[in-house]
Amino acid sequence: MPAPYPYGETVVRRRRGPSPGRDPRGQPIPGPITDAPIPGCVVAPRAETPQVGGAEQQARDTVIVGYTVYAPAGSDVLTTDQFIIRGEVCEVTGWPGDWGRSPFSGLPGPVQFAADRVTG
């Protein structure tokens with residue numbers, strides 16, 4: 001089956017594996033990170049805009065706060081995953097949503113998720 005978005009972008013899912021044990025103080029040792037490319041994604045900037053009207057909107061610009069990603073049907077996305085999108089490390093924000101069936105084609109729909117840049 002061809003990619004649903006033939007001109008889409010490849011994003012890289014970064015997932016931490018299970019802990020191999022505990023350190024001398026009893027804290028879990030972070031598991032290894034595994035990267036998996038997901039080709040054919042639609043990546044759209046996600047903006048935050050002030051409320052319409054009033055002083056809050058005057059002289060304010062739209063601020064890009066992250067991305068909305070539409071990954072191909074069946075893509076495995078967890079809330080604990082990180083993604084490399086356009087060279088930036090981003091964290092999944094909220095729950096990924098599976099469209100089920102696309103209202104445009106009747107085929108399996110995308111998996112949609114929000115991703116915010118990691119800061120600090």
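Here, every reference points to the structure presented above.
Residues numbered from 1 in each chain as written. Predicted model: local features only at pLDDT ≥ 70, side-chain atom pairs only at ≥ 80, totals over all residues. Heavy atoms only, no water.

1. Structural notes on the environment of Thr68
Phase 1 of the analysis: Tracing the chain through its elements places Thr68 in strand β3 (residues 63-71).
Phase 2 of the analysis: Here the alpha-carbon distance between Thr68 and Thr93, two residues 25 residues apart in the chain, equals 9.8 Å.
Phase 3 of the analysis: Those residues in contact with Thr68, other than ones at most four positions away along the chain, are Val42, Val43, Ala44, Arg46, Gln112 and Phe113. (Helix = DSSP H or I, 4+ residues; strand = E, 2+ residues; numbered from the N terminus. Contact = heavy atoms within 4.5 Å.)

2. Topic: the environment of Arg14
Phase 1 of the analysis: As for its placement among the helices and strands, Arg14 is situated in strand β1 (residues 9-16).
Phase 2 of the analysis: Each C-alpha atom of the pair Arg14 and Gln82 lies 5.0 Å from the other, and the pair is 68 residues apart in sequence.
Phase 3 of the analysis: Filtering out sequence-adjacent residues up to four positions away, Arg14 remains in contact with Ile33, Thr34, Asp35, Asp81, Gln82, Ile84 and Val89.
Phase 4 of the analysis: One polar contact links Arg14 to Asp35, side chain to side chain, over a distance of 3.0 Å. (Polar contact = N/O pair within 3.5 Å; in protein donor to acceptor, adjacent residues only side chain to side chain.)

3. Looking at the pattern of salt bridges
Phase 1 of the analysis: Within the structure shown, the criterion is met by seven salt bridges.
Phase 2 of the analysis: Here Asp35 makes a salt bridge to Arg14, at a shortest N to O gap of 3.0 Å. One end of the pair, Asp35, is in strand β2 (residues 33-48); the other, Arg14, is in strand β1, with 21 residues separating them in the sequence.
Phase 3 of the analysis: For Asp35, a relative accessible area of 40% corresponds to the partly exposed category.
Phase 4 of the analysis: For Arg14, a relative accessible area of 24% gives the class partly exposed.
Phase 5 of the analysis: Because the salt bridges share partners, they merge into one network encompassing Arg13, Arg15, Asp76 and Asp81. (Salt bridge = Lys/Arg side-chain N within 4 Å of Asp/Glu carboxyl O. Buried < 20%, exposed > 50% of the residue type's maximum accessible area, 1.4 Å probe, protein only.)

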